Amino acid sequence: MLGGRRRMECALDAQSLISLSLRKIHSSRTQRGGIKLHKNLLVSYVLRNARQLYLSERYAELYRRQQHYQEGGLLLGAPPGCAPAGEIPPEFSPLQLAAEPEDPEPGMQQPRSCGLGCAAGGALGRGGGDLLEVPVCAALLPGAPQEDEPLELQPSPPQHPQPATPSALRRDSSPGFYRGGGGSSASPGLLYPVPTSCDFGSPAPPGSAMSSASGGASAHCSSRTTVLDLDTHVVTTVENGYLHQDCCSQCPCCCQGAAGLGAPPPTPGTKRKYYPGQEDEEDGDPGGVAVGGGSPFSLCSKRARFEDFSPEQPPDSSNISNLISIFGSGFTGLVSRQQADCEQPLNGQLCGKQALASLGAWTRAIVAF
Amino acid sequence: VAEADIISTVEFNHSGELLATGDKGGRVVIFQQEQENKIQSLSRGEYNVYSTFQSHEPEFDYLKSLEIEEKINKIRWLPQKNAAQFLLSTNDKTIKLWKISERDKRPEGYNLKEEDGRYRDPSTVTTLRVPVFRPMDLMVEASPRRIFANAHTYHINSISINSDYETYLSADDLRINLWHLEITDRSFNIVDIKPANMEELTEVITAAEFHPNSCNTFVYSSSKGTIRLCDMRASALCDRHSKLFEEPEDPSNRSFFSEIISSISDVKFSHSGRYMMTRDYLSVKIWDLNMENRPVETYQVHEYLRSKLCSLYENDCIFDKFECCWNGSDSVVMTGSYNNFFRMFDRNTKRDITLEASRENNKPRTVLKPRKVCASGKRKKDEISVDSLDFNKKILHTAWHPKENIIAVATTNNLYIFQDKVN
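In the annotation of an unreviewed UniProt entry, the entry for chain B reads Serine/threonine-protein phosphatase 2A 55 kDa regulatory subunit B, and the organism field reads Chelonoidis abingdonii. Regarding chain B, the UniProt comment filed under Sequence similarities (unreviewed entry) reads as follows: "Belongs to the phosphatase 2A regulatory subunit B family."

In structure tokens:
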């Protein structure tokens, strides 16, 4: 799926396409003759395609913003001792480290999601969900593609020669792991409140917190994290441990999140939602990365999070959230079940498929409903 | 346009003498060709209404709180075995076998009954009178002979009569059932692609047809653009195909709507049984049954719509299911398009033509003028630009006489019958 090409072809942007598709699904439920399985299945494909493009566009935008902010010097420098760019073991977030204890299962480490809705990170701690979730957040950004390029949505197995097992993701990544073209560039990825990352990280000496993380982890600390978005198969390198939250577009303050580093709960923008209902754990994180409101962070959730389309978004999205809430109760169960089922360590490709499958789960659930 | 009048299926019988149409209101209208005027032989006989009957009524499934549409999805004729004609008609859930018979005589002169049917007072009957048949105005009666119900959870999209003339298949989105024409209380499920977990659903069955000569072979097409050929001798449940026909997707054409436009809307075997034709949103493909990895011929029906897919998605036109058909000799294929255009592709000469079915542009007995759609740039005289196409005027259903060059083309609610010039 080529975002750019698609965009050229379609007069509607991804978001409108999503809301249009949801409207179609919704109205088909009231049509005479019952739900037309075939049509709904086709609409769900469009939904999936649009959603992926939408997410990649969001990430691209965030990346652009981050670039901008970076220039503005709001970023924290890499804490001393943090290895510079290079072979940085992908690390998702300090939160991850914090999360370690909760998620001892190997291969299931659910890095805490950076706010970027990796609230999919909601998967975190649930023992379910894909690791993929996390990277999403961070992943968003085009470690690879250049700023203005929409992210490649097409899973590109050839570009991920390394199995992106959750643990693998924490190890030293070889260049091959990076998506061709950009992964290894020093392009900053998302920002995320770091120093705390160091703080976070520190509690987790490379060996521990990042259990599966390789030794290089510590070095990494906050300087660089490489994450694999198993959904979009984008590998992103996050510089300085900065994670830019997806909500940035709505919460301008989030850039200031940078400022929150090391400080007590920073501005709302930096709040990060790991997963719903885990506030207590988050509070415990050093650096006070507290739980933010659910909505701004769930944007890139791969699961059918209703928060994906949070009210803060433009009216179109509120339509989406309203529409989705119509399906709400019927599907959350499905969704959570789906997450719980994802237990095995998966390589990148499989993870991707699973993410896609789960992504499709809710859309298909709509169909089946 | 009254919705009930929208034509939903068109089918010639095996001799071509009868043409049946089904509509959204559940009615079937049968046209009969006049016998040729042998003296003049100026033209083949015209088609006039022969019979009209209500095949299906709206129903309500109380268990699921679902209304079942009466729209006739498909009509298939049985070969004629006696004086009566038989056809199968189906809506979303129920298939019916109809007997269409003529009555041109009636018994008159009953001994015990008055002419109007009332019984006479026995005490007034003093003589014996035997009724005799006397001619009457031709009356065509349609009576339902079999009702094949309750076998489909999903919406029936196809029925196909086997070459053994004893069995037929019916296909819905996820299953295909095999019936015997005489038995209504059971059917065999021969294909089931329903996944254990509906969330894993990735494709549905869109059309199915028996091979014209091999009574053990049938094909079914999917929403993913694949066709599977199954052999019923291989196993009772034909979930595993014998052949899978699929053309790899051209990655440069990838878009949001790739899945939609690759969904196959119709599959038809050639009369010879050697080839089959599939219709997806933008093209018609001819497959050789001996070659699975790609079609042998591909014809673009309206490629100029490729850049309009987004708008077509908005107005739902992208979900339109076009049918296609072969001529009697398998040399020409035909399919419909928008703006009441329909297209024919000559497989031998590789020429194609676009014609329009409309009253304004065609007087009876005038030769149809070829039409052309201008995709972009300067529009030549007589060309129509893509943007001025009327997407509400679509030709989804077409049929070709099995023996002659007579075609039936259904616009939204009108049926056009064209024939080639007879010199």
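**Student:** An account of the packing of helix 2 (residues 14-28) of chain A against helix 3 (residues 37-71) of chain A is needed here, citing residue identities and associated values.
**Tutor:** All names here are of chain A. Interhelical geometry of helix 2 versus helix 3 gives an angle of 155 degrees and a closest axis separation of 8 Å. Judged by the inter-axis angle, helix 2 sits roughly antiparallel to helix 3. Crossing of helix 2 over helix 3 shows left-handed handedness. Note on element contacts: helix 3 touches helix 2 through Asn40, Val43, Val46, Leu47, Ala50, Arg51, Leu53, Tyr54 and Glu57, opposite Ala14, Gln15, Leu17, Ile18, Ser21, Leu22, Lys24, Ile25 and Ser28. Among the residues making up the contact of helix 2 with helix 3, the classes are represented as 11 nonpolar, 4 polar and 3 charged.

**Student:** Can you explain the sheet that holds strand 25 (residues 341-346) of chain B? Please cite residues and give values.
**Tutor:** Residues and elements named next belong to chain B. Sheet architecture is open: 4 strands sit in the order 23-24-25-26, paired in antiparallel fashion. What marks the edges here is a single partner per strand, and that holds for strand 23 (324-326) and strand 26 (352-356). Strand after strand, the sheet turns through a mean of 20 degrees between neighbouring axes, direction not considered. As paired strands, strand 25 and strand 26 are joined by 5 bridges and run antiparallel to one another. Considered in strand 26, the bridge of Phe345 is made with Asp352.

**Student:** Residue-level account of the confidence of the model for chain A, with values.
**Tutor:** Residues and elements named next belong to chain A. With 16% of its residues at a pLDDT of 70 or more, chain A shows a mean pLDDT of 47. Mean pLDDT across the elements of chain A bottoms out in helix 4 (residues 94-99) (33) and peaks in helix 2 (90). Segment residues 75-223: pLDDT under 50, and 524 contacts once partners within four positions in sequence are set aside and those in other chains are kept. Contacts for the low-pLDDT stretch residues 240-369, under 50 throughout, to residues beyond four places or in other chains number 384 contacts.

**Student:** So what's going on with helix 2 of chain A? Residues and values would help.
**Tutor:** Note that an α-helix has 3.6 residues per turn; residues three or four places apart therefore point the same way. Residue and element names in this part refer to chain A. Its 15 residues give helix 2 an end-to-end C-alpha distance of 21 Å, which sits within 8% of 21 Å, the value for a rise of 1.5 Å per residue. Counting buried positions over the 15 residues of helix 2 gives 12, a clear majority of the element. When helix 2 is considered as a whole, its buried residues turn out to be Ala14, Gln15, Ser16, Leu17, Ile18, Ser19, Leu20, Ser21, Leu22, Lys24, Ile25 and Ser28.

**Student:** Describe the nonpolar core, listing the residues and the values that go with them.
**Tutor:** The biggest cluster of nonpolar side chains holds 40 residues, and the ones touching the most others in it are Leu17(A), Phe257(B), Tyr281(B), Leu305(B), Tyr313(B) and Ile318(B). The set of elements that each furnish at least two residues to this core consists of helix 2 and helix 3 of chain A together with helix 1 (258-262) and helix 2 (309-314) of chain B. Among the elements that take part in this core, helix 3 of chain A stands out by supplying 9 residues, more than any other.

**Student:** How would you summarise the pairing of strand 15 (residues 205-210) of chain B if you had to cite specific residues and measurements?
**Tutor:** Residues and elements named next belong to chain B. Buried residues dominate strand 15, accounting for 6 of its 6 residues. In this structure, strand 15 lies alongside strand 16 (residues 217-222), joined through 5 bridges in antiparallel fashion. Looking at the pairing, Ile205 lines up with Ser222 of strand 16. Where strand 15 folds back on strand 16, the antiparallel hairpin that results is connected by 6 residues.

**Student:** For the confidence of the model for chain B, give the residues involved together with the corresponding values.
**Tutor:** For chain B, the mean per-residue pLDDT works out to 93, and 98% of the residues sit at or above 70. Across the interface, the model reports ipTM at 0.91; the global pTM reads 0.65.

**Student:** Give me unusual backbone geometry: which residues, what numbers.
**Tutor:** All names here are of chain B. The phi dihedral of Asn150 is positive, around 65 degrees, even though this residue is not glycine. Tracing the chain through its elements places Asn150 in the loop between strand 10 (132-148) and strand 11 (158-161). We classify Asn150 as exposed; its relative accessible area is 77%. In this model, Asp330 sits at a positive phi of 65 degrees, which is unusual for a non-glycine residue. Note that Asp330 resides in the loop between strand 23 and strand 24 (332-336). A relative accessible area of 9% means that Asp330 is categorised as buried.

What counts, and at which threshold
- Residues numbered from 1 in each chain as written.
- Chains lettered and ligands numbered in written order.
- Predicted model: local features only at pLDDT ≥ 70, side-chain atom pairs only at ≥ 80, totals over all residues.
- Heavy atoms only, no water.
- UniProt positions renumbered as here; feature names shortened; annotations may be inferred.
- Axes fitted to C-alpha atoms, helices over the stretch in contact; angles between N-to-C directions.
- Helix = DSSP H or I, 4+ residues; strand = E, 2+ residues; numbered from the N terminus.
- Parallel < 35°, antiparallel > 145°, perpendicular 65-115°, else oblique.
- Left-handed = near helix turned anticlockwise from the far one by under 90°.
- Contact = heavy atoms within 4.5 Å.
- Nonpolar A, V, L, I, M, F, W, Y, C, P; charged D, E, K, R; others polar.
- Pairing = 2+ DSSP bridges.
- pLDDT = per-residue confidence, 0-100.
- Expected span 1.5 Å × (residues − 1).
- Buried < 20%, exposed > 50% of the residue type's maximum accessible area, 1.4 Å probe, protein only.
- Core = buried A, V, L, I, M, F, W, Y, C linked by side-chain atoms within 4.5 Å.

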